[in-house]
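Listed below, chain by chain, are the residues.
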Amino acid sequence: MKRQQFLCINAVHILLISSCATQQVSYQDDVVPILESRCIKCHASPDGIGYKATGLEMDSYESLMQGTVYGPVIVAGDSRRSILNMLVEGRAGKLQQMPHYEDEALSSEQIETLKNWVNEGAVNN
Amino acid sequence: MEMSRSRWLQLHRLISNTRLTLVALFITLLQPLYALAFDFIDADVTEENGIFRIKVSAVIAAPPDYIRYVLADSAHIYRISPSIIESEVLPASSTGEKQVRTRLLSCTSVFCREVERVDIVRMLNSGDFEAEIIPALSEFKSGKATWNITPMDDGSYIVYEAYLEPDFFIPPVVGTQAVIQNLRDEFTTTFIRIERIASINSERDRNTEQLLSDAAPKTLKAPCEQNASASLQ
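Residues numbered from 1 in each chain as written. Chains lettered and ligands numbered in written order. Predicted model: local features only at pLDDT ≥ 70, side-chain atom pairs only at ≥ 80, totals over all residues. Heavy atoms only, no water.

Engineer: Hey, could you run me through the overall build of chain B in this one?
Structural biologist: Scanning chain B for helices and strands turns up three helices and eight strands. Reading chain B from its N terminus to its C terminus gives the helix and strand order α-β-β-α-β-β-β-β-β-β-α. Burial analysis of chain B (233 residues in total) assigns 37% to the buried set. Sequence-distant contacts in chain B: of pairs separated by 6 or more residues, those separated by 24 or more amount to 51%. By element, 58% of the accessible surface of chain B is carried by carbon and sulfur atoms, the whole surface being about 14,100 Å². (Helix = DSSP H or I, 4+ residues; strand = E, 2+ residues; numbered from the N terminus. Buried < 20%, exposed > 50% of the residue type's maximum accessible area, 1.4 Å probe, protein only. Contact = heavy atoms within 4.5 Å. Areas by Shrake-Rupley, 256 points an atom, 1.4 Å probe, with all protein chains shown as cover.)

Engineer: What is the right way to read the packing of aromatic side chains from this model?
Structural biologist: For any pair of aromatic rings, the description consists of the separation of the ring centres together with the inter-plane angle of the planes. Residue and element names in this part refer to chain B. A full pass over the atoms with the stated rule returns seven aromatic pairs over all chains. What links up through ring pairs into an aromatic cluster is the set W147, Y160, F187 and F191. The ring of F140 is capped by R117, whose NZ or CZ atom sits 5.6 Å from the centre of that ring. (Phe/Tyr/Trp six-rings, centres within 6.5 Å; stacked < 30°, edge-to-face > 60°. Lys NZ or Arg CZ within 6 Å of the ring centre and 35° of its normal.)

Engineer: Which parts of the structure should I look at to understand the pattern of salt bridges?
Structural biologist: Pairing between side chains of opposite charge can happen when their charged atoms approach one another. Residues and elements named next belong to chain B. Under the definition given, this model contains 18 salt bridges over all chains. The residue D65 makes a salt bridge to R68 at a minimum N-O spacing of 3.0 Å. Within this pair, D65 and its partner R68 are both found in helix α2 (residues 64–72), separated by three residues, close to a single helical turn. Residue D65 is classed as exposed on the basis of its relative accessible area, which comes to 54%. In this structure, R101 and E88 form a salt bridge, with 3.0 Å as the shortest nitrogen-oxygen distance. Placement of R101 in strand β4 (residues 98–107) and of E88 in strand β3 (residues 84–90) is noted, with a sequence separation of 13 residues between them. Judged by its relative accessible area of 16%, R101 falls in the buried class. Judged by its relative accessible area of 31%, E88 falls in the partly exposed class. (Salt bridge = Lys/Arg side-chain N within 4 Å of Asp/Glu carboxyl O.)

Printed below as a string of structure tokens:
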């Protein structure tokens, strides 16, 4: 009986761990809504202020991954080194924090979603 | 028959993947062509008694003033170094000098470490730059870097010299070698990025000047016409 209980508990743990491990952030379902609601206003061509300033266009996965005229803003798998994450998290100082022209910074959930997406490889899923 | 068909499919897939890889490789190779304009003359990193000495000289395809602008733009310093994971322009020091805080993520094959440093950044009368570490606010016992920038043909000749005395443990021999390699790689990337940003800004200004000079006759004409019509009334 004890052995069965032990096996059952283990099975539940394994299921929980595997479900956590496979829960991946979706670019389309999780990331795009954040970009659309908070970033695209300025980072859309041809008139967005952010687009004009740096060339960063966020209305497609390809353009996002291409980054600014100065280089990529995402290092797939490494949110600590990704400029996108650095700027929304305010790690480059308050004045540089994105979004620039809104009072509100991204919510902690939105920041976490972008961080997890980049850490999971920034795939177009 | 079935076996050979599946093998054929496998082979076909392999060829398609190889083709894709080649295309990707070609595109990847095309990207840094822009960056290949710069030319390393010398890149030397050494270590002695826990002090790292760095000397890098390079010819960069961008005018000196634009390079100075990139170096002076501390708010965007994260653009030039791949190791910077945090940066901030602090309030000026008591002597009115610019202070910049950076947090660096330094990863080698041996270890990974985040390091904090605060530098006083000065632009000297000569047009050179100097960054001096404030040990009390940094994980370095001491450190100083100078950027000497002189014009050369259409570009600039840059000599970067620095010494760094880390105040944290670096595993001897293997760790030291890994840090040396890491610094070399980082400076290669940093110089490539400086050149890229300086060149883009220079090109942008040239285009703006061109646009302004193209537009000048029209904008000049309008007030003259206005004045003319006003005087006629």
